[in-house]
Amino acid sequence: MSEHEPTWNLDWPRALGGTAIRADFRTEPEDFVVDELAAPQQGDGEHVYLHIRKRGANTGFVAQQLAQLAGVHSNDVGFFGLKDRHAVTTQWFSVWLAQKPEPDWKQLENAEVQLLQHFRGQRKLRRGEHLGNRFQIRLRNAEGDRAAAEAVLGRIAEGVPNYFGEQRFGHNGGNLDLVEAMLAEQGAGKRRRIPRSQKAFAMSAARSWLFNQVLARRVEQGNWQVQLEGEPEPVASGPLWGRGRNLAVGTQLDLESAAMQPWRSWCDWLEHCGLSQERRSLVLQPQGFQFQWQGDDLTLAFALPPGTFATAVLREVAELANRSDRAIK
């Protein structure tokens, strides 16, 4: 196990001066609108592409409903990415029908789900293959130093630290607790059978935690946007741990090794999970960033590439409180 107390501090260092305001987050699903940037190619094929708008429903639930309606296995349903439940989102799904008759897709519709369009295509939609996501987010009842907040807002388009969002780690860090439990059992020589999906969540959380450790160290040192000596990528990057040698050398390797040293057991575990080592940019640059005040409410609009988190942008702007008034750091 790692040499630390298993309490998970998800309050990563901020880069743009700290939050100057506090605001309510996701008071209504309409406060968090996400539109997938994607255009599946129409044509003849055994897959059906469905463009769906959902409110208050998660992606997995809609995928399950599609599989049941079509009479296919859950693995026959594809999508580009998981979208938030407490939101209004539009996204694409694919259903492989093979030789099965096409159902009446309108049966899917209810108060939470609306079918916008559907047509045939030739391949399953897979995670991360879309262009990105466009967000429109309303932060309500903002309190604090508006001028200081606008100073930060004016810098957002230059880039923010590309942290993995806290949702990657589960409620109260539950996915990280799972990693520790699995390592403890492994150290004790126990072999409990873990469901594949649960293990996948644990591996993803562990990689994300290690990356955030490195990025937090770089933010603290003020060098998260620059390439250090030994950078293996054309942009400032950090490791997504797995099997293989860290491609960083010199100064960058020393920094990354020091940041991950307390988590060597996690690194060893990931190396034996079959994941290949990759790199991820330290800098996230929102595209088309705009903001507007409406009384005490602040509306933000921007687009992000796949695999990145809107909360990485929001956390630089404000301390957020959700409907249960739990601060989102």
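Small disclaimer: the values here were computed from a predicted structure and weren't measured.

Enquirer: Looking at this structure, I do not really get the environment of L247. What am I missing?
Expert: Along the chain, L247 falls in the loop between β9 (237-240) and α5 (250-260). Taking the relative accessible area as the measure of exposure, L247 reaches 48% and is therefore partly exposed. Expressed as a C-alpha distance, the spacing of L247 and G230, which sit 17 residues apart in the sequence, is 8.5 Å.

Enquirer: Got a minute to help me understand helix α2 (residues 146-153) in this structure?
Expert: Side chains of residues three or four places apart in an α-helix project in the same direction, reflecting 3.6 residues per turn. Within α2, the full set of buried residues consists of A149, V152 and L153. Along the axis of α2, the buried positions cluster into a sector of 100 degrees, meaning they face one direction only. On its buried side, α2 packs onto β1 (21-25), β12 (287-294), β13 (297-304) and α7 (310-317).

Enquirer: Please explain the nonpolar core as it appears in this structure.
Expert: In summary, soluble globular proteins display a tendency toward joint burial of nonpolar side chains. Of all hydrophobic cores here, the largest spans 39 residues; its most connected members are F169, W209, L210, W266 and W269. Only α3 (174-187), α4 (196-221), α5 and α6 (264-271) provide two or more residues apiece to this core. Looking at this core element by element, the count peaks at eleven residues for α4. If you look at the next biggest cluster of nonpolar residues, it comprises 30 residues, including V34, F302, L304 and V313.

Enquirer: Teacher, can you tell me more about the environment of A310 here?
Expert: Within the secondary structure, A310 is located in helix α7. A310 gets classed as buried once you look at its relative accessible area, which sits at 7%. Along the sequence, A310 and P286 sit 24 residues apart, while their C-alpha atoms lie 9.0 Å from each other.

Enquirer: Explanation requested: the state of the cysteines in the structure shown.
Expert: Every disulfide links exactly two cysteines, by a covalent bond between their sulfur atoms. If you walk through the whole model with that rule in mind, you get zero disulfides. Left without a disulfide partner, C267 is nearest to the cysteine sulfur of C273, which lies 12 Å away. By relative accessible area, which is 19% here, C273 ends up buried.

Enquirer: Would you mind going over the confidence of the model for the protein with me for this structure?
Expert: Atom-level detail of predicted coordinates should not be read off regions where pLDDT is low. Across the protein, the average pLDDT comes to 92, with 96% of residues at or above 70. Confidence over residues 1-5 falls short of pLDDT 50; this stretch has eleven contacts with residues more than four positions distant or in other chains. Here residues 324-329 is a poorly scored stretch, pLDDT under 50, and it has 16 contacts once near neighbours within four places are set aside; other chains count.

Enquirer: Can you walk me through the side chain of T308 in this structure?
Expert: Along the chain, the position of T308 falls in the loop between β13 and α7. Of the residues examined, T308 reaches a relative accessible area of 17% and is grouped as buried. A polar atom in the side chain of T308 sits 2.7 Å from the backbone oxygen of P305. Excluding anything up to four places from it in sequence, T308 contacts N162, R280 and L284.

Enquirer: Would you take a moment to explain the pattern of salt bridges for this structure?
Expert: For side chains bearing opposite charge, pairing can occur when the charged atoms are close. Under the definition given, this model contains 17 salt bridges. Across the salt bridge formed by E129 and R123, the nearest N and O atoms sit 3.1 Å from each other. A salt bridge links E278 to R207, with the shortest nitrogen-to-oxygen separation between them at 3.3 Å. You can see E278 sitting in strand β10 (residues 278-281) and its partner R207 sitting in helix α4, a full 71 residues away along the chain. The buried category is assigned to R207, whose relative accessible area is 12%. Residues joined in a network through salt bridges with shared partners are D31, R138, R140 and D297.

Rules used in this analysis
Residues numbered from 1 in each chain as written. Predicted model: local features only at pLDDT ≥ 70, side-chain atom pairs only at ≥ 80, totals over all residues. Heavy atoms only, no water. Helix = DSSP H or I, 4+ residues; strand = E, 2+ residues; numbered from the N terminus. Buried < 20%, exposed > 50% of the residue type's maximum accessible area, 1.4 Å probe, protein only. Arc of directions from axis to C-beta. Contact = heavy atoms within 4.5 Å. Core = buried A, V, L, I, M, F, W, Y, C linked by side-chain atoms within 4.5 Å. Disulfide = S-S within 2.5 Å. pLDDT = per-residue confidence, 0-100. Polar contact = N/O pair within 3.5 Å; in protein donor to acceptor, adjacent residues only side chain to side chain. Salt bridge = Lys/Arg side-chain N within 4 Å of Asp/Glu carboxyl O.

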